[in-house]
Each structure stands twice: as C-alpha cells, then as structure tokens.
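This is what each chain is made of:
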Amino acid sequence: MKPQHLTIMAATLLLLGVGAGARAADPQQWLQQLGNYPHAVTVDSSTAVVVDHLIGLDSLRKVRGVWEFEDSERLSGQLTRHTWQIIDGFSSIEVMAELEAMLAQQGEGSALLFACDGRACGKGVQWANRIFRQRVLYGREDLQRYRVYRISNNADYRLLIYAAARTADRQYLHVELLQIAADEASDGL
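Residues numbered from 1 in each chain as written. Predicted model: local features only at pLDDT ≥ 70, side-chain atom pairs only at ≥ 80, totals over all residues. Heavy atoms only, no water.

**Q** Explain the overall build of the chain to me, and be specific about the residues and the numbers.
**A** Secondary structure summary: the chain contains 6 helices and 8 strands in total. Ordering the α and β elements of the chain from the N terminus gives α-α-α-β-β-β-β-α-β-α-β-β-β-α. Considering the chain as a whole, with its 189 residues, one finds that 47% of them fall into the buried category. For the chain, restricting intrachain contacts to residue pairs at least 6 apart in sequence, the fraction spanning at least 24 positions comes to 68%. (Helix = DSSP H or I, 4+ residues; strand = E, 2+ residues; numbered from the N terminus. Buried < 20%, exposed > 50% of the residue type's maximum accessible area, 1.4 Å probe, protein only. Contact = heavy atoms within 4.5 Å.)

**Q** Could you give an account of the state of the cysteines, naming the residues involved and the relevant values?
**A** Here, the word disulfide means a covalent bond between the sulfur atoms of two cysteines. A complete count under the given rule lists 1 disulfide for this structure. A sulfur-sulfur distance of 2.1 Å marks the disulfide that ties Cys116 to Cys121. Judged by the sign of its S-S torsion, about 115°, the bond between Cys116 and Cys121 is right-handed. (Disulfide = S-S within 2.5 Å.)

**Q** Kindly report on unusual backbone geometry, identifying the contributing residues and their values.
**A** Despite not being glycine, Asp88 has its phi angle at roughly 65°, a positive value. In this fold, Asp88 is placed in the loop between strand S4 (72-86) and helix H4 (92-104). Phi is positive for Arg133, close to 55°, though the residue is something other than glycine. Note that Arg133 resides in the loop between helix H5 (124-131) and strand S6 (145-153).

**Q** Can you explain the sheet that holds S4? Please cite residues and give values.
**A** Each strand in a sheet pairs with its neighbour through backbone hydrogen bonds, running either in the same direction (parallel) or in the opposite one (antiparallel). Sheet architecture is open: 6 strands sit in the order S1-S4-S8-S7-S6-S5, paired in antiparallel fashion. Whereas interior strands pair on both sides, the edge strands pair on one side only; in this sheet they are strand S1 (40-56) and strand S5 (110-117). On average, adjacent strands in this sheet sit at an angle of 15° to one another, irrespective of strand direction. Relative to strand S8 (residues 170-180), strand S7 (residues 155-167) is paired through 10 bridges, and the arrangement is antiparallel. Residue pairing in the sheet places Leu159 in a bridge with Leu177 of S8. Sitting on the sheet, H4 touches S4, S5, S6, S7 and S8, and the angle it makes with S7 is about 160°. (Pairing = 2+ DSSP bridges. Axes fitted to C-alpha atoms, helices over the stretch in contact; angles between N-to-C directions.)

**Q** I'd love a proper account of the packing of aromatic side chains, names of residues and values included.
**A** Enumeration over the complete set of coordinates arrives at 7 aromatic pairs. Considering the side-chain rings of Phe132 and Tyr146, the 6.4 Å spacing of their centres and the 50° angle between planes classify their relative orientation as tilted. One end of the pair, Phe132, is in the loop between H5 and S6; the other, Tyr146, is in strand S6, with 14 residues separating them in the sequence. On the basis of relative accessibility, which here comes to 1%, the residue Tyr146 falls in the buried class. Between Phe132 and Tyr162, the aromatic rings sit 5.2 Å apart at their centres with planes inclined by 45°, giving tilted as the arrangement. Remark: Tyr162 occurs in strand S7 and Phe132 occurs in the loop between H5 and S6; sequence separation between them is 30 residues. Accessibility expressed as a relative area gives 1% for Tyr162, which makes it buried. One aromatic cluster is present, formed by Phe69, Phe114, Trp127, Phe132, Tyr146 and Tyr162 through successive ring pairs. (Phe/Tyr/Trp six-rings, centres within 6.5 Å; stacked < 30°, edge-to-face > 60°.)

Below, the structure is given as structure tokens:
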C-alpha cells in the first residue's frame, strides 16, 4: 500500500472516530467530522425538511424517454446534503471507501441497501443534474460510485454517498443524510 493511502486511511479513521465511540455517534456528527477532513473543501451544504424525497435503490435508466429508478423509496424527514471537493491528490473513491469501512463497523446499526460502480450506475450527467442538482458531480462514468445505507441509531436514517471524478484534480464526494420522520420510521419504512 502506498504511503499516501496509509495517510488517508489514518486521517479519515481518526476524524470519523472509528471504534467503540463511533458506534454510538450520531450520523450528523460523522458528516461534521468529514467536513473537517483536511483534504476536503466544501462546495455546497444545505439542510431542509423534505416530503416524499426520492431515494434511488437502483441504477438510473431511461425508460420510455424518462430517467428513473426501477426501484426506489420516497421518505420524508430532515435532509442534510454536502458536496466536497477532495484535494491534495486524494481520490473521492478512497474517501468513500473509508466511510464505507466505518459503516461496516456499525454492525447491525447499518445495512447496505444498494451499491453500483462505474457505468453500471447509469449516466453521470443525469446523477449530477437530475438527482443531486450539483453539476460539479458530472465526471467520468467509469469512476462514479453510488451507495445507499440504512442506519438505525436512536432514529432511522438513509445515507446516500456518491463519488465522482472529472480529472485527477477534480474529485468530488456528495453525501445526503435523511433523518426519517418519526411517523414514517414507526411504519417500518
């Protein structure tokens, strides 16, 4: 493993607090810690209450002239969105892998609902413009990654992670965290 990769793993794990303390941490805290990561520059950040927010659980495809997911869910709650540019020679895929490793340590607290890599995810321009409304995310389709996790921790969440790369110097990570409204969470959605 390259020294640069060891550095990113150590820094990310330290910032995200992987270990016993991370299991009890609130997912909102993970995003704050990722925002403090020294090799990530905030491009956009927002928080809003949403109703029937669409979460794709499949690749994005054009069906009868309409871009859509074959499988998805619509949930309401508080949505926090962040887009970061990953700098200093690190890749968005590396940072995403470290975030996934942290989620894997959550055990039963998190579950992967959907994952796709590269061209299997669909057209990058559609992800950037239609789904995330962040045109900076449009990049090489072979370098895109998309993940959806269910996280249960005092409240129910959906965590969406999208990694995109235009060039070696233009690497982006987009994360959406939806804290599901209590009435929907109790319905078992």
